[in-house]
Amino acid sequence: GSLRALAAERDLFIGSAASAQALAQDPKYASVLAREFSMVTPEDAMKWPRIEPQAGQHDWSDADRVVEVARANGQTVYGHALLWYASTPAWLADGSLSDAQIREAVHRHIAEEAGRYRGRIWGWDVVNEPLEADGRLRRTAWSKAMGPDWIADAFRAARAADPHAKLFLNEFGVDGDGAKSDAFYELVRGLVKKGVPIDGVGFQSHVDLTPVPEHRVENLRRFAALGLDVAITEVDVRLILPPTAAKLKKQAEVYRRTLQDCLAVPECVSFTVWGFTDRYSWIPNLQSGAGMACLFDAELVPKPAYAAVAGAL
Ligand code: XIL
């Protein structure tokens, strides 16, 4: 059966990031997405600069399309991302706004976006990538304007805008043990302790063929023990081109292990890949010489990684 049918039996969402353009222009892409995945995350369409390119001027067309197509296919939608430092609108950070105006813009943005899709989004990445590599809180346009409570503030605004959506904090490089994971855990623990409305924690899991993160299951469990869902939100497994049979086999193994670690933790609600086909993956833009990170190749033929994921479900 499809990944989607297999995952349903495990009570797990199997997700993919989806490109609004590809959905509109590539029927084969759209049909594989519909067939294989039970959850869809808009890859870029919901990012702040996309929906509000000029202050007060919205373009919801791509985000609406992804949501409508997913719902027509009986898929659950995961919202990504209300606040991400790397998706700061130019007009917000050009120095023209006062701190009070930035705070006001952040609140209005969360109310508008989470409010527009209220009832149609299962969960939101409220804040994406809050930490620097060394575990310190990242300085962003809004942290400077709003002070250290900006994360708590964003979660409260999201809860008010859509009381039924699950609210997630999403990060990369925190899958296994390590200083950044510990800092992330302390951040999340602090939010829970303060009564901030957070429901879950997302682990991006953009990796390569080097050994999988150590102690991932234990790491996921300590977050779950805070009373939270955990989610694998953005898996891809890049390799250095050209591909060989050995690299594709290794890649399949990394996918399989990642999924197995999620399945080992009852609170792990979803396993989402960051694009399902090498036809549109962001990886070649991220790292020159790297690519072929997805479950399907550029012709939409399943790779060994697909069989590994299906086999683990
Ligand atoms: C990436 C998209 O895949 C690209 O299309 C875009 O140009 C940049 O963003 N972590 C995240 C995602 O949370 O939003 C990023 O997506 C990949 C890294």
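Residues numbered from 1 in each chain as written. Predicted model: local features only at pLDDT ≥ 70, side-chain atom pairs only at ≥ 80, totals over all residues.

**A word on the nonpolar core**
Side chains that are nonpolar tend, in soluble globular proteins, to be buried together. Going by this rule: Each nonpolar core consists of buried Ala, Val, Leu, Ile, Met, Phe, Trp, Tyr and Cys residues. Their C-beta atoms, within 7 Å, join them into a set. In this scheme the burial state of a residue depends on its C-beta neighbours within 10 Å: 20 or more other such atoms mean buried, 12 or fewer mean exposed, and anything in between means partly exposed; the C-beta positions come from the backbone. Numbering of helices and strands starts at the N terminus; helices are DSSP runs of H or I of at least 4 residues and strands are runs of E of at least 2. The contact rule is simple: place each C-beta atom from the backbone, and if two of them lie within 7 Å, those residues are in contact.
Core analysis: the biggest nonpolar cluster contains 93 residues, and Val-66, Leu-82, Trp-124, Val-126, Ala-154, Ala-158 and Val-309 have the highest contact counts within it. With seven residues, helix H9 (residues 150-161) is the single largest residue contributor to this core. Not counting chain neighbours up to four residues away, the residues in contact with Trp-124 comprise Gly-79, Leu-82, Ala-114, Ala-158, Ala-165, Leu-167 and Phe-168.

**Re unusual backbone geometry**
The amide bond that connects His-80 to the next residue, Ala-81, takes the cis arrangement and shows omega of -5°. Backbone torsion omega between Leu-241 and Pro-242 reads 0°, so that peptide bond is classified as cis. Here Pro-242 is to be found in the loop between strand E9 (239-240) and helix H12 (245-263). Unlike most non-glycine residues, Ser-205 shows phi in positive territory, near 65°. Relative to the elements of secondary structure, Ser-205 occurs in the loop between strand E6 (200-203) and strand E7 (206-207). Ser-205 sits in the buried class, given 28 other C-beta atoms within 10 Å.

**Comments concerning the environment of Ile-121**
For Ile-121, the position within the fold is in the loop between helix H7 (99-116) and strand E4 (123-128). On a C-alpha basis, the gap between Ile-121 and Lys-166 in space is 8.4 Å, while along the polypeptide they are 45 residues apart. Setting aside residues no more than four positions away along its own chain, Ile-121 makes contact with Val-77, Gly-79, Asp-162 and Ala-165.

**Re the site of the ligand**
Rule in force here: Any residue whose C-beta atom, as set from the backbone, lies within 6 Å of a molecule or strand is reported as near that molecule or strand. Under the scheme applied here, ten amino acids are nonpolar (Ala, Val, Leu, Ile, Met, Phe, Trp, Tyr, Cys and Pro), four are charged (Asp, Glu, Lys and Arg), and all others, including Gly, are polar.
Around the ligand lies a shell formed by Glu-43, Asp-44, Asn-128, Gln-204, Glu-234 and Trp-282. Grouping the amino acids of the shell around the ligand by side-chain chemistry returns one nonpolar, two polar and three charged.

**Observations concerning the environment of Thr-88**
By secondary structure assignment, the location of Thr-88 is in the loop between strand E3 (76-84) and helix H6 (90-93). Residue class for Thr-88 comes out partly exposed when judged on the 16 C-beta atoms lying within 10 Å of it. Distance from Thr-88 to Arg-256, taken between C-alpha atoms, is 34 Å for residues 168 residues apart in sequence.

**Observations concerning the pairing of E3**
Test applied: Strands pair, by our definition, only if DSSP identifies at least two bridges between them.
Of all nine residues in E3, seven are buried, a share of seventy percent or more. In the sheet, strand E2 (residues 39-42) pairs with E3 via two bridges, with the strands oriented parallel. Counterpart to Met-39 in the pairing with E3 is Thr-76. Alignment of E3 against E4, held across five bridges, turns out to be parallel. Among the inter-strand pairings, His-80 is bridged to a residue of E4, identified as Asp-125.

**Focus: H9**
We count it as follows: Any helix carries an expected span of 1.5 Å times its number of residues minus one.
Over its twelve residues, H9 runs 16 Å from end to end, which matches the ideal 16 Å to within 8%, given 1.5 Å per residue. When H9 is considered as a whole, its buried residues turn out to be Trp-150, Ile-151, Ala-154, Phe-155, Ala-157, Ala-158, Arg-159 and Ala-161. Close packing links the buried residues of H9 with E3, H7, E4, helix H8 (141-146), strand E5 (166-171) and helix H10 (179-193).

**Focus: the packing of H12 against helix H14 (residues 304-312)**
Angle between the axes and distance between the axes: these two values describe a pair of packed helices. Put simply, the rule reads: With axes taken as lines fitted to C-alpha atoms, and helix axes fitted only over the stretch in contact, angles between N-to-C directions fall between 0 and 180 degrees. For classification, angles of less than 35 degrees are called roughly parallel, those exceeding 145 degrees roughly antiparallel, those between 65 and 115 degrees roughly perpendicular, and all remaining angles oblique. Left-handed describes a crossing in which the near helix is turned anticlockwise from the far one by less than a right angle; the clockwise case is right-handed.
Axis separation between H12 and H14 bottoms out at 8 Å; the angle between their running directions is 25°. It follows from the interaxial angle that H12 and H14 lie roughly parallel. The handedness of the crossing between H12 and H14 comes out as right-handed. Judged by residue contacts, Leu-248, Lys-249, Gln-251, Ala-252, Glu-253, Tyr-255, Arg-256, Leu-259 and Gln-260 of H12 engage Pro-304, Ala-305, Ala-307, Ala-308, Val-309 and Ala-312 from H14.

**Some points on the packing of H7 against H9**
It is the contact of H7 with H9, at a shortest axis distance of 8 Å, that shows an interaxial angle of 35°. Once H7 is placed against H9, the crossing between them reads as right-handed. Residues Val-106, His-107, Ile-110, Ala-111, Ala-114 and Gly-115 of H7 form the contact with H9, whose participating residues are Ala-154, Ala-157, Ala-158 and Ala-161. Its residues placed into classes, the contact of H7 with H9 shows eight nonpolar, two polar and no charged.

**Observations concerning the confidence of the model for the protein chain**
The test is simple: Confidence scores labelled pLDDT are given residue by residue by the predictor and lie between 0 and 100.
Confidence in the prediction of the protein chain, expressed as mean pLDDT, is 98, and 100% of residues score 70 or more. Interface confidence in the predicted complex, given as ipTM, is 0.99; pTM for the same model is 0.98.

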